[in-house]
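# Structural overview
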Amino acid sequence: MHPMIHAARDRIRVAYDPDLVRTFGHYMIDQLGEYFRQAEQCAGPVLPWIEPQTNVRDAAALLHTPLGGDASPGVLRDRFAELVEQSLDRSHRLHDPRYIGHQVAVPSPIAGLFDALTAITNQAMAIYEMGPWATAAECALVDQLGTQIGWTPGDFSGLATHGGSLANLTALLTARNVAVDGCWEAGVGQTTQPPVILVHGDAHYSVTRAAGVLGLGTRQVLRVGLDEQRRMDPARLADRLGQLRRAGRPVIAVVACACSTPIGAFDPLPEIADICQRFHVWLHVDAAHGGSACLSTQYGHLVRGLDLADSLIWDAHKMLFVPALCAFVFLRDRAHRFETFRQDAPYLFDPTAPGLAEYDSGMRNLECTKRAAAFGLWGLWSMFGRSLFADMVDVTFSMGRVLYEKLVEADDFVPLHQPQCNIVVFRHMPGALRDAPPDRVGQFQLELRRRLVESSEFYIVSTKLNGVGALRTTVMNPLTTADHLDQLLDALRRHGKQLLA
Ligand SMILES: *Cc1c(COP(=O)(O)O)cnc(C)c1O
């Protein structure tokens with residue numbers, strides 16, 4: 001062979017060197033152990049606030065000074081250490097109990113170890129053969145989760161997707177194909193009147209996006225009125241469906257929430273399902289955040305009726321405490337599983353073993369090549385079982401209530417709803433703001449949150465409720481205690497005072 005190829009292969013070989021994997025791996029695991037110890041003890045910043053321009057510059061500096069393949073193992077090891085340290089130092093430390101921000105899981109690191117196993121060995125999916133064990137883990141997990149929802153294995157179908165947004169799109173695509181006969185082949189626009197989707201008034205933006213992507217048009221997304229607790233009002237849903245029926249408008253689906261994003265409101269699913277059955281309309285439940293409530297004895301009542309949904313989504317990278325991305329889409333009736341995508345890809349799906357198509361995720365997934373997204377959850381569940389997840393739901397949801405009670409007791413804080421789960425929205429109202437107009441009050445909350453986050457003491461987020469700014473917290477870390485919540489209110493008071501001065 002050409003000597004140039006030999007030289008190139010020798011340079012490549014170092015990137016695959018098993019001894020380096022072992023050395024680097026041991027080093028990284030030791031660093032991670034220390035990272036988790038520090039984070040859990042609140043030693044150091046939550047979000048080390050650095051302007052994006054600075055971070056991009058520093059990331060580019062490392063990228064522009066690689067060592068090359070002929071560096072000695074010792075030099076490579078030092079470089080690896082530098083990259084790992086820099087990455088951990090600059091990361092958002094979700095495992096710090098003062099992380100009380102977005103609905104992103106504070107995952108068990110053990111799930112991440114299982115993820116690393118399939119990432120490093122690249123058990124990519126699409127067809128069974130490319131990731132047989134990862135596929136098996138996903139199939140077994142889908143059966144397990146579906147059973148928890150209240151279904152019988154064999155009756156339903158489900159799969160892991162790269163996130164809830166894609167899961168919503170997949171479910172609504174299926175609903176569209178079932179509701180409008182032939183539209184996969186002929187396109188939308190076959191019906192005399194444009195079909196609509198009826199959604200919860202606070203539905204996640206991925207639902208509206210799905211309507212755009214599916215060619216239905218975002219204007220055909222109709223919002224159903226909410227009750228005083230911002231839940232979908234079944235009476236208004238029934239009225240709306242009645243009007244649409246009389247007007248001859250096709251309805252693709254009703255989209256309910258368990259729970260909604262802004263304040264974590266759980267819809268009355270049995271009533272909504274009953275109405276949908278009466279009108280023969282597909283019920284999709286967006287249970288991205290709240291699906292895990294079905295694992296809890298204490299909070300299971302919040303998702304009563306989840307099993308009546310025609311389709312639902314459930315994000316494991318939220319309340320099943322595994323790293324992103326891992327979400328699930330479920331179809332109650334297994335017969336619908338090949339309605340989502342109807343074309344063949346002959347180079348993927350083998351006619352000599354047609355039964356295998358059941359295990360080729362590519363038949364039902366928007367993704368072709370797919371990360372072994374469910375493997376971390378399979379590992380974690382296989383270690384600890386359902387009770388771990390039930391405990392984590394119980395603890396985090398209960399801490400939402402604890403925070404609410406603290407807000408009620410304090411005379412300088414106002415909770416904006418009674419939390420049903422771990423999402424709590426509130427405002428800080430020091431005396432100086434008592435008589436301020438809503439604009440000023442809202443602006444204060446947003447500025448207060450920026451100050452708090454840039455101080456790196458806590459991480460919380462903001463939202464607008466009825467157009468006025470508010471503080472929003474989600475207790476995502478099962479290690480966040482009542483003491484941390486007291487410290488949060490004190491930190492807000494301190495930063496609020498500085499802001500007003
Ligand atoms: C988070 C969330 C989504 C989007 O899920 P991703 O995994 O972030 O894509 C959709 N709906 C609801 C109710 C959510 O909470």
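Residues numbered from 1 in each chain as written. Predicted model: local features only at pLDDT ≥ 70, side-chain atom pairs only at ≥ 80, totals over all residues. Heavy atoms only, no water.

## As for the sheet that holds strand E10 (residues 461-465)
Strands sit in the order E8-E9-E11-E10 across an open sheet of 4 strands; the sheet is antiparallel. Strand pairing shows two members of the sheet lacking a second neighbour, strand E8 (413-415) and E10, which therefore form its edges. The average angle at which neighbouring strand axes cross in this sheet is 40 degrees, direction not considered. Both E10 and strand E11 (residues 468-474) contribute to a ladder of 5 bridges, which runs antiparallel. Bridged to Val 461 within E11 is Arg 472. Packing against the sheet, helix H14 (residues 386-409) makes contact with E8, strand E9 (423-428) and E11, and its axis sits at approximately 20 degrees to E9. (Pairing = 2+ DSSP bridges. Helix = DSSP H or I, 4+ residues; strand = E, 2+ residues; numbered from the N terminus. Axes fitted to C-alpha atoms, helices over the stretch in contact; angles between N-to-C directions. Contact = heavy atoms within 4.5 Å.)

## Focus: the layout of surface pockets
Over the atoms rolls a probe the size of a water molecule, and in doing so it shows where empty space is left. Considering only enclosed or pocket space, the largest pocket measures out at about 1,100 Å³ in volume. Looking at the largest pocket, it is lined by 35 residues, and the ones nearest its centre are Gly 25, Met 28, Ile 29, Leu 32 and Ala 116. For the lining of the largest pocket, the secondary structure elements donating two or more residues are helix H2 (18-40), helix H4 (73-90) and helix H5 (109-121). Its residues assigned to classes, the lining of the largest pocket comprises 24 nonpolar, 10 polar and 1 charged. (1 Å grid on protein atoms, 1.4 Å probe; cavity = no way out; pocket = protein on both sides within 12 Å on 5 of 7 lines; lining within 4 Å. Points joined across faces, edges and corners; volume = space filled by probe spheres on them. Nonpolar A, V, L, I, M, F, W, Y, C, P; charged D, E, K, R; others polar.)

## Focus on the domain arrangement of the protein
When its domains are assigned, the protein resolves into domain 1 (3-90), domain 2 (124-383) and domain 3 (388-500). Between domain 2 and domain 3, the contact holds 25 residues from the first and 21 residues from the second. Both faces combined, the contact of domain 2 with domain 3 buries some 1,900 Å², and carbon together with sulfur accounts for 68% of it. When the area that domain 2 buries against domain 3 is broken down by residue, the three leading residues are Ile 263, Tyr 299 and Phe 321, summing to 30%. Where domain 2 meets domain 3, there are 0 salt bridges. Here domain 2 is connected to domain 3 by 7 residue pairs in polar contact (both at pLDDT 80 or more). When contributions to the side of domain 2 that touches domain 3 are tallied by element, the ones reaching two or more residues are helix H12 (316-319) and helix H13 (375-384). (Domains from an automatic or database assignment. Buried area = accessible area lost by both parts, 1.4 Å probe. Salt bridge = Lys/Arg side-chain N within 4 Å of Asp/Glu carboxyl O. Polar contact = N/O pair within 3.5 Å; in protein donor to acceptor, adjacent residues only side chain to side chain.)

## Side note on the site of the ligand
Close to the ligand lie 14 residues, the nearest being Gly 164, Ser 165, Asp 286, Asp 315 and Lys 318. Gly 164 is positioned with one of its backbone polar atoms (N or O) 2.7 Å from an oxygen atom of the ligand. Contact with the protein chains covers 86% of the free accessible surface of the ligand, which is 380 Å². Under a 2 Å grid-point criterion requiring more than half of the atoms, the pocket assigned to the ligand is the second largest pocket. When contributions to the shell around the ligand are tallied by element, the ones reaching two or more residues are helix H7 (164-179) and H12. In terms of residues, the shell around the ligand owes the most to one element, H7, which gives 3 residues. Across the shell around the ligand, the residue classes tally to 2 nonpolar, 9 polar and 3 charged. (Near = heavy atom within 4 Å. Areas by Shrake-Rupley, 256 points an atom, 1.4 Å probe, with all protein chains shown as cover. Sits in = over half its atoms within 2 Å of the grid points.)

## Points about the sheet that holds strand E5 (residues 283-286)
Spatially, E1-E7-E6-E5-E4-E2-E3 is the arrangement adopted by the 7 strands of the open sheet, whose pairing is mixed. Only two strands of the sheet have a single neighbouring strand rather than two, namely strand E1 (157-161) and strand E3 (221-224). Pairwise comparison of adjacent strand axes, ignoring direction, gives a mean angle of 20 degrees for this sheet. Inspection of the sheet shows strand E6 (residues 311-315) paired to strand E7 (residues 327-331) by 5 bridges, in the antiparallel sense. Looking at the pairing, Ser 311 lines up with Leu 331 of E7. Against the sheet, H7 touches E1, strand E4 (251-257), E5, E6 and E7, its axis set at about 145 degrees to E4.

## Quick look at the pattern of salt bridges
A complete count under the given rule lists 22 salt bridges for this structure. The partner of Arg 401 in a salt bridge is Glu 405, with the nearest N and O atoms 3.5 Å apart. Of this pair, Arg 401 and Glu 405 both sit in helix H14, 4 residues apart, roughly one helical turn. With a relative accessible area of 33%, Arg 401 lands in the partly exposed category. Glu 405 gets classed as partly exposed once you look at its relative accessible area, which sits at 40%. Overlapping salt bridges bring together Arg 57, Asp 58 and Arg 90 as one network. (Buried < 20%, exposed > 50% of the residue type's maximum accessible area, 1.4 Å probe, protein only.)

## A short note on the packing of H13 against H14
Relative to each other, H13 and H14 sit at 100 degrees, their axes nearing to 6 Å. Our classification of the angle between H13 and H14 gives roughly perpendicular. For the pair H13 and H14, contact is made by Leu 377, Leu 380, Trp 381 and Phe 384 and by Arg 386, Ser 387, Leu 388 and Phe 389, respectively. Broken down by class, the residue content of the contact of H13 with H14 amounts to 6 nonpolar, 1 polar and 1 charged. (Parallel < 35°, antiparallel > 145°, perpendicular 65-115°, else oblique.)

## Some thoughts on empty space enclosed by the protein
Applying the stated criterion to the full structure yields 1 cavity of 30 Å³ or more. Space inside the largest cavity adds up to approximately 80 Å³. Ser 157, Gly 158, Leu 159, Thr 170, Ala 171, Thr 174, Val 329, Phe 330, Leu 331, Arg 337, Thr 340 and Arg 364 together form the lining of the largest cavity. Listed by contribution, the elements that provide at least two residues to the lining of the largest cavity are E1, H7 and E7. Broken down by class, the residue content of the lining of the largest cavity amounts to 5 nonpolar, 5 polar and 2 charged.

## Considering the environment of Arg 13
Tracing the sequence through the fold places Arg 13 in helix H1 (residues 3-13). Along the backbone, Arg 13 and Thr 474 are 461 residues apart, and their C-alpha atoms lie at a distance of 46 Å.

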